[in-house]
Amino acid sequence: MDFQKHTLVVLVADKPGILNRVASLFRRRGFNIDSIAVGHAEQPNLSRMTIVVGGAEGTVEQVRKQLAKLVDVVRISDITNEPVVTRELALIKVKATAASRNEIIQIVDIFRANIVDVAADSLTVEVTGDGEKLDSLINLLRGFGIKELSRTGCIALTRGTTSSATAEE
Amino acid sequence: MKLTGAQILCEALLKEGVEVIFGFPGGVVLPLYDTLPQYSQLRHILVRHEQGAAHAADGYSRATGKVGVCLATSGPGATNLVTGIANAYLDSSPMVAITGQVARPFIGKDGFQEVDITGITVPITKHNYLVLDVNDLARVVKESFYLARTGRPGPVLIDIPKDVFIEQTDFRYPEKVDLPGYKPTIEGHPTQIKKAAKAISESKRPVILAGRGIILSDACEELKELAETSQMPVVTTLLGIGCFPESHVLSFGMIGMHGMAYANFAVSNADLIIAIGMRFDDRATGKVSAFAPKARIIHIDIDPAEIGKNVRVDMPIVGDAKHVLRELNKLVGRRLHVEWVKQLDTWREEHPSVTIRESENLLPQFVVRKIYEVTGGEAIVVTGVGQNQMWSAQHFWYDKPGKLISSGGLGTMGFELPAAMGAKVGCPDETVWCIAGDGGIQMTIQELATIVQENIAVKIAIINNGYLGMVRQWQDLFYQKRYVATPLSGPDFVKIAEAYGLPGLRVKTRREVVPALKKAMAYKGAFLIDFQVEPEENVYPMVPPGAGLAEVIEDPQKKPARSSAPDLTASSI
Ligand SMILES: Cc1ncc(C[n+]2csc(CCOP(=O)(O)OP(=O)(O)O)c2C)c(N)n1
Ligand SMILES: [Mg+2]
């Protein structure tokens, strides 16, 4: 069966407990969340969630329909096959010795990432991009020893005038 | 004039047409209870356990079509409602459950009798609310009733902190709800409806498979028109029973694990299934891969998430059954399916499914049959779960919706007595028979006290087989008769009745049955009969768990045709 990662953009009412409702639904029906990112949307009282789920076509369809049943979910779009801009941010604290420091800085430059903190034995790197770019940078930095890593999960909007899950039809 | 939160709640309930609340008090709901006497139009029925309140509200709703209301205090009161809320959720019963919560300053501090009941009920409610501002209360009540009764109905819970009951504000009841995330699809898609009509006109062996959605959407007339116009046989799910008159020539009964053999054969041989307001529960479908193997499937349901969830569907139509059927009826032409209906009639003659075997002993099926005869079918039957439930579905014939009330999706033992109580409160002029198991009734038997205190004239027939019968049946068939933890040494139910203050009779022989039933019917109040029936009677027909619907075991004398162990993981009791 088709197993693909799907990106769902979900516009939700900014009510207490909405994250719990969404999480509860995923847990109960055995759907896997790859990543979930939530923040305020363009309108007051609305938040936009970007949820990446993995699963067979039918499963993702069920996820979408079950999510739509939540009263606080206003709109959902599956933007997997649409032209989109996706971004994720990561902070990576990597071990840095006098010997390795320059090499790390070079890699960071190639990825157009930034060094946002410098300590005697480490550098903290900030990087944004799509998931793949982050994966490759992280893989390269692993060789130096990653002390701490934090990723935001992916957020996404469709390109151009098409809109993903806005309050208007 | 400013009203307190408690007054606002009562005013709002009146606006919603609420007449009765099944409830149980406690500390945090005291301000509400103290307010209730100001609203004499709201009848409060004091149950003996909050589970009973939820089931009673559910039974009330199933009998009347209205939204049932139950009320409990915080903490244990709220958690005691949980089973009843889940039961309503799985059977799409409209219900509003109101719980008290600790006062706002104590929330999140594990205060006395604090539980996170909104968190607990997220997966078993259509929606729920924690009201943190008295100014939100009227809107929340409005939305709750709207959500409970529209779309696919279900339970909604409102959790109200004690201090919100006391706080005052102006009362204004909103005219309309504003729920941007809630827009149930009512009208079916015209193209899909056209496709369905075409499929119906091409079909040689169509079967309508009707569920509770028909009853909830008040679409029984439309269903009848569809069936009659195109002369299509109708089978139902357990919860669909009564949506189409069972005495109708086109009615072929209930499908599923204990459905009529001929109903299961009809589905297995159909070339078109028109499934309406049902959700392909595994008890109804049997092994999914063997379900209706020769048929194309039209699925009409208001809940898009049900479409394609369990069974592949060829023509989905999302919409309210009544609206969709009205449109469909405009397009469906007159047709006869003489051969097909004749075939079903033949199957029915050859596999009658409801013949009661010869026996000197008192058989449970006989008891149900006599209840049918003595009431002339004019009764609301509320069942327990297990064998008694299946016999009540098989040996009583229901011609109207809302006359068989049973816990389908959750299969909750203990539903019977409180649900019967709720049904009788909702329909005081109807005869209500509670057909209970000796196991199930003991789970909520304390409601006998409520029944007596409130003069609720429910007639109770305990099918006393001395076993958790349905589980024993599985042990008989699939565990070599190892009856572990299923024999019950019951109490003396007649003495129990007496102790609670209602008359009771014990019946052990066939000839006592009818006189006892007549006595119960003639008595003005509640009445209990302990029918001591054949202990090891099994329910047939039976489709073994994991088998397809066509593999019906019919003959009680024969062991299941399958010699290998059934797939017990796929199913449970
Ligand atoms: C609350 C609950 N617990 C356990 C079960 C599992 N179960 C299904 S049927 C049944 C036996 C019911 O016994 P009884 O009420 O005597 O009815 P009978 O089958 O004998 O008619 C049991 C235990 C259930 N359905 N509900
Ligand atoms: Mg029993």
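Residues numbered from 1 in each chain as written. Chains lettered and ligands numbered in written order. Predicted model: local features only at pLDDT ≥ 70, side-chain atom pairs only at ≥ 80, totals over all residues. Heavy atoms only, no water.

**Some thoughts on the interface of chain A and chain B**
Then comes step 1: The interface is formed by 14 residues belonging to chain A together with 17 residues belonging to chain B.
Then comes step 2: In this assembly, chain A packs against chain B so that about 1300 Å² is buried in total across both faces, 52% of it on carbon and sulfur atoms.
Then comes step 3: In terms of surface lost to chain B, no three residues of chain A exceed R21, K69 and V71 of chain A, which account for 45% of the buried area on that side.
Then comes step 4: Inspection of the chain A/chain B interface yields one salt bridge.
Then comes step 5: For the side of chain A that touches chain B, the secondary-structure elements that each account for two or more residues are α1 (18-28), α2 (57-69) and β4 (73-78) of chain A.
Then comes step 6: Here the side of chain A that touches chain B gets five residues from one element, more than from any other, and that element is α2 of chain A.
Then comes step 7: Among the residues making up the side of chain A that touches chain B, the classes are represented as five nonpolar, four polar and five charged. (Contact = heavy atoms within 4.5 Å. Buried area = accessible area lost by both parts, 1.4 Å probe. Salt bridge = Lys/Arg side-chain N within 4 Å of Asp/Glu carboxyl O. Helix = DSSP H or I, 4+ residues; strand = E, 2+ residues; numbered from the N terminus. Nonpolar A, V, L, I, M, F, W, Y, C, P; charged D, E, K, R; others polar.)

**Remarks on the site of ligand 1**
All names here are of chain B.
Then comes step 1: In the vicinity of ligand 1, 18 residues are found, and the nearest of them are Q387, G411, D438, G440 and G469.
Then comes step 2: Interatomic distance of 3.3 Å between a backbone N/O atom of M413 and a nitrogen atom of ligand 1.
Then comes step 3: Here an oxygen atom of ligand 1 and a backbone polar atom of Y467 are 3.0 Å apart.
Then comes step 4: Protein coverage of the free-state accessible area of ligand 1, which is 590 Å², stands at 82%. (Near = heavy atom within 4 Å. Polar contact = N/O pair within 3.5 Å; in protein donor to acceptor, adjacent residues only side chain to side chain. Areas by Shrake-Rupley, 256 points an atom, 1.4 Å probe, with all protein chains shown as cover.)

**Overview of the sheet that holds strand β11 (residues 251-254) of chain B**
The pairing of strands in a sheet comes from backbone hydrogen bonds and takes either a parallel or an antiparallel form.
Residue and element names in this part refer to chain B.
Then comes step 1: Strands sit in the order β11-β10-β9-β12-β13-β14 across an open sheet of six strands; the sheet is parallel. Both outer strands of the open sheet, β11 and β14 (315-318), are each paired with one neighbouring strand and no more. Here the average twist between neighbouring strands, direction ignored, is 15°.
Then comes step 2: Here strand β9 (residues 206-210) pairs with strand β12 (residues 272-276) via five bridges, running parallel. Bridge assignment links L209 to a residue of β12, and that residue is A275.
Then comes step 3: Along the sheet face, helix α8 (residues 190-202) touches β12, β13 (296-301) and β14 and points at about 135° away from the line of β14. (Pairing = 2+ DSSP bridges. Axes fitted to C-alpha atoms, helices over the stretch in contact; angles between N-to-C directions.)

**Regarding the pattern of salt bridges**
Any two side chains of opposite charge can pair, given that their charged atoms come close.
Then comes step 1: Within the structure shown, the criterion is met by 42 salt bridges over all chains.
Then comes step 2: Here D303 of chain B ties to R152 of chain B by a salt bridge, and the two come within 2.9 Å at their closest N and O atoms. Highlighted residues: D303 of chain B in the loop between β13 and β14 and R152 of chain B in the loop between α6 (137-149) and β7 (155-161), separated in sequence by 151 residues.
Then comes step 3: A relative accessible area of 3% places D303 of chain B in the buried class.
Then comes step 4: Residues K403 of chain B and E430 of chain B are paired through a salt bridge, measuring 2.9 Å at the closest nitrogen-oxygen approach. Highlighted residues: K403 of chain B in the loop between α16 (387-394) and β16 (404-405) and E430 of chain B in the loop between α17 (416-426) and β17 (432-437), separated in sequence by 27 residues.
Then comes step 5: Assessed through its relative accessible area of 26%, E430 of chain B is described here as partly exposed.
Then comes step 6: Several salt bridges converge on common partners, so that one network encompasses K69 of chain A together with R152, D303, E306 and K309 of chain B. (Buried < 20%, exposed > 50% of the residue type's maximum accessible area, 1.4 Å probe, protein only.)

**Notes on the environment of D218 of chain B**
Residue and element names in this part refer to chain B.
Then comes step 1: In this structure, D218 sits in the loop between α9 (212-216) and α10 (220-229).
Then comes step 2: For D218, a relative accessible area of 51% gives the class exposed.
Then comes step 3: Taking C-alpha positions, D218 is 40 Å from E512, a pair spaced 294 residues apart along the chain.

**Examining the sheet that holds strand β1 (residues 3-13) of chain A**
Residue and element names in this part refer to chain A.
Then comes step 1: Taking strand neighbours across the sheet as the criterion, the four strands line up as β2-β3-β1-β4 in an open arrangement whose pairing is antiparallel. The sheet is open, and its two edges are formed by β2 (32-40) and β4, each paired on a single side. Shown here is a sheet whose adjacent strand axes are inclined to one another by a mean of 20°, direction ignored.
Then comes step 2: Lying over the sheet, α1 contacts β1, β2 and β3 (46-56), oriented at roughly 10° with respect to β3.
Then comes step 3: α2 contacts β1, β3 and β4 of the sheet and is inclined by roughly 155° relative to β3.

**So, the nonpolar core**
All names here are of chain B.
Then comes step 1: Residues I208, I273, I276, I298 and L328 are the most contacted members of the largest nonpolar core, which totals 63 residues.
Then comes step 2: When residues in this core are grouped by element, the largest group, six residues, is from helix α11 (residues 261-269).
Then comes step 3: One finds I45, A63, C70 and L157 within the second-largest nonpolar core, a separate group that totals 49 residues. (Core = buried A, V, L, I, M, F, W, Y, C linked by side-chain atoms within 4.5 Å.)

**What to know about the domain arrangement of chain B**
All names here are of chain B.
Then comes step 1: When cut into domains, chain B gives domain 1 (2-170), domain 2 (190-350) and domain 3 (364-532).
Then comes step 2: Between the C-alpha centres of domain 1 and domain 2 there is a distance of 37 Å.
Then comes step 3: Taken together, the contact pairs nine residues of domain 1 with seven residues of domain 2.
Then comes step 4: When the buried surface of domain 1 facing domain 2 is broken down by residue, R62, D91 and R152 rank first, second and third, together holding 62% of it.
Then comes step 5: Connecting domain 1 to domain 2 are two salt bridges.
Then comes step 6: On inspection of domain 1 and its partner domain 2, the count reaches four residue pairs in polar contact (both at pLDDT 80 or more). (Domains from an automatic or database assignment.)

**As for the environment of T412 of chain B**
All names here are of chain B.
Then comes step 1: Relative to the helices and strands, T412 is located in the loop between β16 and α17.
Then comes step 2: Each C-alpha atom, one on T412 and one on G384, is 7.6 Å from the other, the two residues being 28 residues apart in sequence.
Then comes step 3: For T412, the side chain forms a polar contact with the side chain of N87, separated by 2.7 Å.

**Quick word on the packing of aromatic side chains**
All names here are of chain B.
Then comes step 1: According to the stated counting rule, one finds 14 aromatic pairs over all chains in the structure shown.
Then comes step 2: Ring centres 6.1 Å apart and planes at 90° place the aromatic pair W340 and W347 in the edge-to-face group. Residue W340 shares its accessibility class with W347, and that shared class is buried.
Then comes step 3: When the ring of Y372 is compared with that of W397, the centres are 5.2 Å apart and the planes differ by 70°; the resulting orientation is edge-to-face. Taken as a pair, Y372 in helix α15 (residues 364-375) and W397 in the loop between α16 and β16 lie far apart in primary sequence, 25 residues in all.
Then comes step 4: According to the relative accessible area criterion, W397 is partly exposed, its value standing at 27%.
Then comes step 5: In textbook terms, an aromatic cluster arises when at least three aromatic residues are bridged by ring pairs, as seen for Y372, F396, W397 and Y398.
Then comes step 6: We note R472 situated over the ring of Y467; from NZ or CZ to the ring centre the distance is 5.3 Å. (Phe/Tyr/Trp six-rings, centres within 6.5 Å; stacked < 30°, edge-to-face > 60°. Lys NZ or Arg CZ within 6 Å of the ring centre and 35° of its normal.)

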